[in-house]
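A structural walkthrough
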Amino acid sequence: MTIAPAGRPLSDDELAVIDELSLAATPGPWFVRVLDDEHAMSLVAVSVVADDGRGARWPDFDAREIVAATLVQQPRYVDVGDERWDENAAFIAMARNAVPRLVTEVRRLRACRTDGEAAGGGLAGTA
């Protein structure tokens, strides 16, 4: 199942898929790390370990800590045309940490709406 584009209401099935994918992924939290060495010059990565600000060089970091990379310059095999490597890494890390909370919040709000409608009160500001 794919998720509908923004602007359309999120179905319960779509919410379930998002939740399932989140639960199946490597546990969070995730962090952005900037690594640098002759094998992966200027590597911008998403990691299960926080960046220590030292630009670790391989083999001084465990590759199993890396979840994803948004830039590998040498050789240049992970890249994006708009050069938003840092922004993309920040979004990926944030999404891992935020998506489970968002799923819970959507379900909580839907339950509140359902409870209010069941009590015959409806929702304020709705027709």
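For the structure itself, consult the block above.
First things first, this report covers the structure right here in the doc. (Residues numbered from 1 in each chain as written. Predicted model: local features only at pLDDT ≥ 70, side-chain atom pairs only at ≥ 80, totals over all residues. Heavy atoms only, no water.)

**Side note on the overall build of the chain**
If you tally the helices and strands in the chain, you get two helices and four strands. Reading the chain from its N end, one meets helices and strands in the order α-β-β-β-β-α. Evaluated residue by residue, the chain yields a buried proportion of 23% over its 127 residues. Across the chain, the fraction of contacts at a sequence separation of at least 24, relative to all contacts at a separation of at least 6, is 44%. Looking at the chain as shown, the accessible area adds up to about 8,700 Å², and 57% of this sits on carbon and sulfur atoms. (Helix = DSSP H or I, 4+ residues; strand = E, 2+ residues; numbered from the N terminus. Buried < 20%, exposed > 50% of the residue type's maximum accessible area, 1.4 Å probe, protein only. Contact = heavy atoms within 4.5 Å. Areas by Shrake-Rupley, 256 points an atom, 1.4 Å probe, with all protein chains shown as cover.)

**Some remarks on the packing of aromatic side chains**
Under the criterion given, the structure shown has zero aromatic pairs. Over the ring of Trp 30 we find Arg 96, and its NZ or CZ is 5.7 Å from the ring centre. (Phe/Tyr/Trp six-rings, centres within 6.5 Å; stacked < 30°, edge-to-face > 60°. Lys NZ or Arg CZ within 6 Å of the ring centre and 35° of its normal.)

**A few points about the sheet that holds strand E3 (residues 66-73)**
Strand order in this open sheet of four strands is E1-E2-E3-E4, and the pairing throughout is antiparallel. The open sheet has two edge strands with one neighbour each: strand E1 (31-35) and strand E4 (76-78). The mean inter-strand angle of the sheet, taken between neighbouring strand axes irrespective of direction, is 25°. Where strand E2 (residues 43-47) and E3 come together, four bridges link them in antiparallel fashion. Counted as the bridge partner of Val 46 is Ala 68 from E3. (Pairing = 2+ DSSP bridges. Axes fitted to C-alpha atoms, helices over the stretch in contact; angles between N-to-C directions.)

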